[in-house]
Amino acid sequence: MRNVAVIGAGQMGTGIAQTVAWHGMKVMLADVDLDRAEAGKANIEKAVTRLVGRGKLEADEAEALLGRITPVPDYAPMEAADLIIEAATEKEEIKQAIFEGASRVLGQGAIMASNTSSIPITRMANHSPDPKRFIGLHFFNPVPVMGLIEVIPGLATSQETTDAVIAFARGLGKEVVLSQDEPGFVVNRILLPMINEAVFVLGQSTAGIEDIDKGCRLGLNHPMGPLQLADFVGLDTCLDILMVLYKTTRDSKYRPAPLLVKYVEAGWLGRKTGRGFYDYTGGAPVPTR
Ligand code: 3HC
């Protein structure tokens, strides 16, 4: 792959764009409009500047990395891309609209991938011009730091497409886990019930926020406790993934904790809104109950 396009300039899309550019490839970055795409690049610039400040990246490398990222106003320039990665909100109708739009410019032989956390790949492939060239490519946040990419072929995905994205993922310095197209794939199928259970534990007042997180940090050696991780992922995203698991399997073990639903209804979505299980408005996270 030499030319990659990323659609969605939020947390995941910018992390993907930064990582791809870091590994020498050109990246087009799109969002609903050019302003959003440029704001995404500005966030990448901030992250890269921090790395230079901490001596992790040379200034000239940072400049070259940023030079490889081009915010674009729409999908038209993506006809030159070898790979288009959708990294938009975890809502199927939004993703479908993106696939339909990007399909009009998808080059012959180019691959379309979705960074979905849980939506079935086989179903979404139907909204692309060639399901043989459609695949799930699931990155983890923060993308430049996390060592894994899940690769999820749909029912119709060709072996050639699967091999090409595995090579791409390894070229980014990541390990690959290959998953069948089952709800939640491998990692989120395990992670989301854990986060959900932590919210039930909180809702039943078995322990407070700090102790639940401390328990998992120190008792399980997780870098973050499940409630802090939920805030980091976004409580709305956690709820969206749980609802996909719940609706597709109809298994009650995936029913969202009522407290999680309440937090999302309150607009307390985690770090991105300044408040979730922790309050981030003063910088360091402070437990809210
Ligand atoms: N680009 C490159 N490097 C970066 C970076 C960036 N944008 N941001 C941070 N880093 C590097 C730092 O330079 C640092 O490097 P060093 O170890 O060599 O010094 C390293 O990452 C750690 O960064 P910090 O020192 O700032 O922060 P912490 O040590 O507190 O670690 C964390 C932060 C990596 C986020 C850690 O707390 C962690 O691993 N948390 C769990 C994250 C996790 O589980 N993610 C998966 C979420 S699930 C998901 O994404 C799937 C989705 O579908 C829901």
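Here, the structure is the one placed above.
Conventions we followed
- Residues numbered from 1 in each chain as written.
- Predicted model: local features only at pLDDT ≥ 70, side-chain atom pairs only at ≥ 80, totals over all residues.
- Heavy atoms only, no water.
- Salt bridge = Lys/Arg side-chain N within 4 Å of Asp/Glu carboxyl O.
- Helix = DSSP H or I, 4+ residues; strand = E, 2+ residues; numbered from the N terminus.
- Buried < 20%, exposed > 50% of the residue type's maximum accessible area, 1.4 Å probe, protein only.
- Axes fitted to C-alpha atoms, helices over the stretch in contact; angles between N-to-C directions.
- Parallel < 35°, antiparallel > 145°, perpendicular 65-115°, else oblique.
- Left-handed = near helix turned anticlockwise from the far one by under 90°.
- Contact = heavy atoms within 4.5 Å.
- Nonpolar A, V, L, I, M, F, W, Y, C, P; charged D, E, K, R; others polar.
- Near = heavy atom within 4 Å.
- Polar contact = N/O pair within 3.5 Å; in protein donor to acceptor, adjacent residues only side chain to side chain.
- Areas by Shrake-Rupley, 256 points an atom, 1.4 Å probe, with all protein chains shown as cover.
- Domains from an automatic or database assignment.
- Core = buried A, V, L, I, M, F, W, Y, C linked by side-chain atoms within 4.5 Å.
- Pairing = 2+ DSSP bridges.

Enquirer: Explain the pattern of salt bridges here, please?
Expert: Side chains that differ in charge, positive against negative, can pair when their charged atoms come close. Enumeration according to the criterion identifies nine salt bridges in this entry. Here E92 makes a salt bridge to R123, at a shortest N to O gap of 2.7 Å. Of this pair, E92 sits in helix 4 (residues 92-103) while R123 sits in helix 5 (residues 121-125), and the two are 31 residues apart along the sequence. For R123, a relative accessible area of 39% corresponds to the partly exposed category. The shortest N-O distance in the salt bridge between R133 and D130 comes to 2.9 Å. Classification of D130 by relative accessible area gives buried; the value is 15%. Within this structure, E86, E90 and K95 form a network of salt bridges that share partners.

Enquirer: Looking at this model, I keep getting lost on the packing of helix 2 (residues 34-53) against helix 3 (residues 59-67). Mind explaining?
Expert: Helix-helix packing is described using two parameters, namely the angle between the two axes and the distance between the axes. For the pair helix 2 and helix 3, the least separation of the axes is 10 Å and the interaxial angle reads 165 degrees. Classified by the angle between their axes, helix 2 and helix 3 sit roughly antiparallel to one another. The two elements helix 2 and helix 3 meet at a crossing, and its hand is right-handed. Of helix 3, the residues touching helix 2 (which contributes K41, I44, E45, V48 and V52) are A59, A62, L65 and L66. Considering only residue class, the contact of helix 2 with helix 3 consists of seven nonpolar, no polar and two charged.

Enquirer: Quick question: what am I supposed to make of the site of the ligand here?
Expert: Taken together, 20 residues sit near the ligand, with Q18, K56, H138, N141 and N188 positioned nearest. At 3.5 Å from an oxygen atom of the ligand is found a side-chain nitrogen or oxygen belonging to R54. The separation between an oxygen atom of the ligand and a polar side-chain atom of H138 is 2.6 Å. Burial of the ligand by the surrounding chains reaches 65%, relative to a free accessible area of 1100 Å². Those elements that provide at least two residues to the shell around the ligand are helix 2, helix 7 (187-203) and helix 9 (226-233). At three residues, helix 9 tops the list of elements feeding residues into the shell around the ligand. Taken domain by domain, the shell around the ligand gets at least three of its residues from each of domain 1 (3-178) and domain 2 (188-279).

Enquirer: In this structure, what is going on with the nonpolar core? I would like to understand it.
Expert: Here is a general trend for soluble globular proteins: nonpolar side chains tend to be buried in one another's company. Core analysis: the largest hydrophobic core is formed by 35 residues, its most contacted members being L137, F139 and F168. Among the elements that make up this core, the one with the highest residue count is helix 1 (residues 11-22) (five residues). Excluding residues that lie within four positions of it along the chain, L137 makes contacts with L83, I85, A113, S114, N115, I149, E150, V151, I152, V165 and F168. With 27 residues, the next largest nonpolar core counts L202, I212, F232 and L242 among its residues.

Enquirer: Explanation requested: the pairing of strand 6 (residues 134-139) in the structure shown.
Expert: If a strand is regular, its side chains alternate between the two faces of the sheet. Across the six residues of strand 6, six count as buried, placing the element largely inside the fold. Residues F134, G136 and H138 of strand 6 are buried on one face, and the alternating residues I135, L137 and F139, pointing to the opposite face, are buried as well. Note: strand 5 (residues 111-114) against strand 6, three bridges, orientation parallel. Following the sheet pairing, A113 is matched in strand 6 by I135. Pairing of strand 6 with strand 7 (residues 148-153) involves five bridges; the strand directions are antiparallel. Bridged to F139 within strand 7 is I149.

All quantities given are derived from atomic positions and should not be read as evidence of function.
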